[in-house]
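Listed here are the chains, written in short residue letters.
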Amino acid sequence: MAKKTSKNAKSNELDGKEFFAAITLIEKEKGIPRTYMLEKITQALISAYKRDHEGVTDNVFVEANEITETVRMFVKKEIVEEVTNPFTEIALDEARKSLPSAQTGDVVRIEIKPRNFGRIAAQTARQVIIQGMREAEHNMIYDLFSSKEHEMLLGTVTRIDPRSGAVSLRITSNGESTDAYLAPAEQVRGEVIRDGDRLKVYVVEVRRSTRGPQVVISRTHPGLVKRLFELEVPEIYDGTVEIRSIAREAGSRSKLAVFSADENVDPIGACVGPKGGRVNNVVAELGSEKIDIIKYSDDPAAYVAAALSPADVLSVVPLEGSKSCRVVVPDDQLSLAIGKEGQNARLAAKLTGYKIDIKAESAAHEWEEEDAAAASALDDAAEDVPMDDGQTCEADDGQVPEAEPEAADADISPQDTTHTPDIPTNSIPAPDSEL
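These lines cover the structure that appears in this document, whether it is placed above or below.

Parameters and conventions
- Along each chain, residue indices are assigned from 1 in the same order as the chain's sequence is written.
- Two thresholds apply to this predicted model, a pLDDT of at least 70 for residue-level local features and 80 or more for giving and counting side-chain atom pairs, whereas whole-chain, interface and lining totals are computed over all residues.
- Note: side-chain values were computed over all heavy atoms of the structure, leaving out hydrogens and water.
- Runs of H or I in DSSP of at least four residues are treated as helices and runs of E of at least two as strands, each being numbered from the N terminus.
- For every residue, the accessible area (1.4 Å probe, protein chains only) is compared with the maximum for its type, and the residue is labelled buried under 20%, exposed over 50%, or partly exposed between those bounds.
- Throughout, a residue-residue contact means that at least one pair of heavy atoms, one from each residue, lies within 4.5 Å.
- Per-residue and other accessible areas were derived by the Shrake-Rupley procedure at a 1.4 Å probe size, with only the shown protein chains allowed to occlude residues.
- Two rings belonging to Phe, Tyr or Trp (six-membered ring only in the last case) form a pair when the distance between their centres is within 6.5 Å. Interplanar angles under 30 degrees mark stacking, angles over 60 mark edge-to-face geometry, and anything in between is tilted.
- A positively charged side chain is recorded as over a ring if its NZ (Lys) or CZ (Arg) lies within 6 Å of the ring centre. The angle to the ring normal must also be within 35 degrees.
- In this description, a line fitted to the C-alpha atoms serves as the axis of each element, helices being fitted only across the stretch in contact, and the angle between N-to-C directions of two axes falls anywhere from 0 to 180 degrees.
- Here is the rule for handedness: rotate from the far helix to the near one, and if that takes an anticlockwise turn smaller than a right angle the crossing is left-handed, while a clockwise turn gives right-handed.
- All residues other than Ala, Val, Leu, Ile, Met, Phe, Trp, Tyr, Cys, Pro, Asp, Glu, Lys and Arg, Gly among them, are scored as polar; the first ten of these are nonpolar and the last four charged.
- In this description, a nonpolar core means a group of buried Ala, Val, Leu, Ile, Met, Phe, Trp, Tyr and Cys residues linked to one another through side-chain atoms lying within 4.5 Å.
- Here the rule is simple: two strands pair whenever DSSP picks up at least two bridges between them.
- When a carboxyl oxygen of Asp or Glu lies within 4 Å of a side-chain nitrogen of Lys or Arg, that pair is called a salt bridge.
- Here a polar contact is recorded for every N or O atom pair within 3.5 Å, except that within protein the pair must consist of a potential hydrogen donor and a potential acceptor, and residues adjacent in sequence are included only if both atoms are side-chain atoms.
- To be clear, the arc concerns the directions from the helix axis to the C-beta atoms.
- Like-charged residues are merged into a patch within 9 Å and nonpolar side chains (Val, Leu, Ile, Met, Phe, Trp, Tyr) within 5 Å, provided each residue has over 30% relative accessible area and no salt bridge.
- We treat Lys and Arg as the positive residues and Asp and Glu as the negative residues; His and chain ends play no part in the count.
- In this description, the location of a charge corresponds to atom NZ of lysine, CZ of arginine, CG of aspartate or CD of glutamate.

In terms of regular secondary structure, the protein chain is built from 12 helices and 17 strands. The 435 residues of the protein chain split such that 40% are buried. At a minimum sequence separation of 6, the contacts of the protein chain that also span at least 24 residues come to 65%. Split by element, the accessible area of the protein chain, about 24,800 Å² in all, is 47% carbon and sulfur.

Next up, the structure:
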């Protein structure tokens with residue numbers, strides 16, 4: 001009786017069709033390129049073989065043919081008369097069993113059976129592949145969210161640390177999600193956040209780390225105000241109205257300078273909206289933070305005067321040679337111009353970039369006295385110049401009057417304020433309206 005034909009022995013090759021089908025599926029589901037996955041799997045197979053054969057060096061390689069859908073693994077060995085290293089050498093007699101024309105010094109390829117890998121070697125291959133996929137996903141997330149720097153994203157609160165108050169959010173963009181960390185310093189003072197809340201956050205920076213991309217977000221950054229207005233005001237989004245500058249003290253008050261090159265467009269009215277609807281939506285998102293919208297001007301005097309709203313301003317005198325100015329306000333408007341704890345003047349200085357010295361109308365003459373004293377001091381100092389014979393001519397009393405210290409009701413410098421937005425600014429000045 002004829003013998004039954006046995007099934008073909010297992011091939012030395014991996015199941016190529018399943019192999020390439022798996023790579024295609026990974027590319028489709030996770031967006032990881034086929035070439036990247038093929039490289040990582042090749043590394044995994046080589047690492048697994050080296051795990052079982054500690055003497056192997058770089059003489060192992062993998063051939064993956066996408067056309068024929070085959071994956072084969074080989075080790076190169078040199079033909080020698082006497083073998084001293086079985087991992088890199090093969091005896092001539094043994095080589096001629098498969099290759100009769102083999103000669104000493106030739107290099108032959110010997111196929112390896114990946115199916116015969118040991119358990120530990122297989123685990124090594126699996127770890128390399130998983131690590132490669134994880135790195136690819138991290139790189140994709142980093143590339144995606146780094147393009148969202150200085151943008152506003154919507155996140156869902158997933159956890160609140162009861163001790164530090166730090167908030168973890170899950171933010172999503174273009175179908176990809178990642179966790180972001182909202183530090184207590186980046187939260188609006190007095191704002192109550194609960195698990196499950198949906199918050200609009202500003203992406204300050206995206207950093208690489210060993211545990212994956214870290215997205216640094218903020219609720220206090222001035223850029224958040226800018227993005228909220230872009231969302232609510234179509235004229236800002238399409239560029240008809242520009243935000244030229246923003247000054248913010250989160251949770252308390254913000255000032256915006258807006259501008260429009262179109263004379264037919266009122267930049268302040270566009271930001272306020274019908275019945276204040278647009279600005280009210282921004283205020284609600286910021287937790288009832290007050291917002292002043294003023295109109296930007298290339299004239300420093302007009303710009304500073306508008307920035308000090310809601311206070312009335314009698315005069316603004318920019319000082320030559322420095323970004324400083326002197327502002328005179330009515331006596332009954334001085335406290336309003338300075339604001340509670342200097343907030344109004346401080347925000348105006350940050351908004352305009354000018355150091356602002358404010359005095360009431362009744363005290364404005366003090367500047368004239370200070371200027372006269374300073375001029376007199378300069379005249380006296382000019383007399384103390386060396387003569388031709390090297391002698392010095394001195395004033396009769398031998399003293400140079402000192403300038404009296406400047407007594408100002410408020411002297412506010414832009415440096416006294418908090419950070420300005422480090423985002424691309426398209427700001428717009430608006431009339432002095434407080435909302």
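On inspection of all chains with the given rule, the structure shows three aromatic pairs. Residues phenylalanine 61 and phenylalanine 74 carry aromatic rings whose centres are separated by 5.6 Å and whose planes lie at 25° to one another, so their mutual orientation is stacked. With a gap of 13 residues between them, phenylalanine 61 in strand E1 (residues 60-65) and phenylalanine 74 in strand E2 (residues 70-80) connect regions that are remote in the sequence. Ring centres 4.8 Å apart and planes at 70° place the aromatic pair tyrosine 296 and tyrosine 303 in the edge-to-face group. Among the aromatic residues, those joined into a ring-pair cluster are Phe259, Tyr296 and Tyr303. The ring of phenylalanine 61 has lysine 76 sitting right over it, with the charged end atom 5.3 Å from the ring centre. Across from the ring centre of phenylalanine 74, 4.3 Å away, lies the NZ or CZ of arginine 109, which sits over that ring.

Taken N-terminus to C-terminus, the directions of helix H9 (residues 300-307) and helix H11 (residues 343-352) make an angle of 145°; their axes are 9 Å apart at the nearest point. Pair H9 / H11 crosses with right-handed handedness. Contacts between H9 and H11 pair Tyr303, Val304 and Ala307 from the former with Ala348, Leu351 and Thr352 from the latter. Residues of the contact of H9 with H11, tallied by class, amount to five nonpolar, one polar and no charged.

Val304, Leu308, Cys325, Val327, Leu351, Ile356 and Ile358 are the most contacted members of the largest nonpolar core, which has 26 residues in total. The residues contacting cysteine 325, other than those within four sequence positions of it, are Val304, Val316, Val317, Pro318, Leu319, Tyr354, Lys355, Ile356 and Asp357. Within the second largest apolar cluster, 23 residues are counted, among which are Leu224, Val233, Cys271 and Val279.

Where strand E6 (residues 167-173) meets strand E7 (residues 176-182), seven bridges bridge the pair, whose relative direction is antiparallel. Bridging from a neighbouring strand, leucine 169 pairs with alanine 180 of E7. Taking the residues between adjacent antiparallel strands as the criterion, E6 and E7 are bridged by two residues, where asparagine 174 takes a positive phi near 55°. With two bridges connecting them, E7 and strand E9 (residues 214-218) associate as parallel partners. The residue of E9 that forms the bridge with tyrosine 181 is valine 216.

Attention now moves to the pattern of salt bridges. Overall, the coordinates contain 16 salt bridges when judged by the stated rule. Arginine 244 is paired through a salt bridge with glutamate 242; the nearest N and O atoms lie 3.0 Å apart. Arginine 244 gets classed as partly exposed once you look at its relative accessible area, which sits at 31%. Two residues, aspartate 292 and arginine 253, come together in a salt bridge whose shortest N-O distance is 2.8 Å. Of this pair, aspartate 292 sits in strand E12 (residues 290-295) while arginine 253 is found in strand E11 (residues 253-259), placing the two residues 39 residues apart along the sequence. Overall, arginine 253 belongs to the buried group, its relative accessible area being 9%. One network of salt bridges, with partners in common, ties together Glu151, Lys226, Arg227 and Glu230.

The strand order around the closed barrel formed by five strands is E5-E6-E7-E9-E8, and the pairing between neighbours is mixed. Averaged over neighbouring strand pairs, the angle between their axes works out to 50° when direction is ignored.

Relative to the elements of secondary structure, arginine 170 occurs in strand E6. For arginine 170, a relative accessible area of 36% puts it in the partly exposed group. When residues no more than four places from it in sequence are discounted, the contact partners of arginine 170 are Leu154, Gly155, Thr156, Thr158, Ser177, Thr178 and Asp179. Polar side-chain contacts of arginine 170 include one of 3.1 Å to the side chain of aspartate 179.

Turning our attention to helix H8 (residues 277-285). For H8, the complete set of buried residues consists of Val279, Val282 and Val283. All buried residues of H8 project into a common sector of 100° when viewed along the axis, lining one side. Tucked inside the fold, the buried residues of H8 contact helix H5 (222-232), helix H7 (267-272) and E12. Just beyond H8, the residue with positive phi is glycine 287, at close to 75°.

A few words on a negative patch on the surface. On the surface, Asp312, Asp331, Asp332 and Glu361 cluster together into a patch of negative charge. Relative to the assigned elements, aspartate 312 resides in the loop between H9 and strand E13 (315-319). Residue aspartate 312 is classed as partly exposed on the basis of its relative accessible area, which comes to 48%.

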